[in-house]
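Coordinates in review
For reference, the chains in residue letters:
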Amino acid sequence: MTGAGVDDDEAAEDVPTAGWRAAARDRRVWAILAVVAFLLVCCCSTAAGTLLALSAGLFTAG
């Protein structure tokens with residue numbers, strides 16, 4: 001039995017952890033952020049359009 005007492009959950013001392021710079025270089029991160037931004041803009045513009053239509057309807061009805 002080799003490696004008794006070694007915890008596999010601990011990070012190795014010589015291996016650097018992935019940082020923000022490494023994540024920023026990954027195209028998948030930028031693709032995910034672009035999709036999230038697109039969905040956020042679409043949802044906000046839809047909500048703003050709905051509120052504008054409701055307020056216009058309330059003003060014309062009154």
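Here the structure is shown first, and the text comes after it.
Everything in this summary refers to the structure shown in the same document.

Reading the values: the criteria
Residues numbered from 1 in each chain as written. Predicted model: local features only at pLDDT ≥ 70, side-chain atom pairs only at ≥ 80, totals over all residues. Heavy atoms only, no water. Helix = DSSP H or I, 4+ residues; strand = E, 2+ residues; numbered from the N terminus. Areas by Shrake-Rupley, 256 points an atom, 1.4 Å probe, with all protein chains shown as cover. Salt bridge = Lys/Arg side-chain N within 4 Å of Asp/Glu carboxyl O. Buried < 20%, exposed > 50% of the residue type's maximum accessible area, 1.4 Å probe, protein only. Patch = residues over 30% accessible without salt bridge, like charges linked within 9 Å, V, L, I, M, F, W, Y side chains within 5 Å. Disulfide = S-S within 2.5 Å.

1. Digging into the overall build of the chain
Counting secondary structure elements, the chain contains two helices and zero strands. With an accessible surface of roughly 6100 Å², the chain has 67% of that area assigned to carbon and sulfur atoms.

2. Quick look at the pattern of salt bridges
Within the structure shown, the criterion is met by one salt bridge. When the shortest N-O distance is used, the salt bridge between aspartate 26 and arginine 28 registers 3.0 Å. For aspartate 26, a relative accessible area of 25% translates into the label partly exposed.

3. Regarding a nonpolar patch on the surface
Among the surface-exposed residues, Val29, Trp30 and Leu33 lie close enough to one another that they form a single nonpolar patch of about 290 Å² accessible area. Topologically, tryptophan 30 is positioned in helix H2 (residues 27-61).

4. Thoughts on the state of the cysteines
Scanning the entire structure with this criterion turns up zero disulfides. Cysteine cysteine 43 is unpaired, with the sulfur of cysteine 42 as its nearest cysteine sulfur at 6.9 Å.

Taken by themselves, the reported measurements are silent on function.
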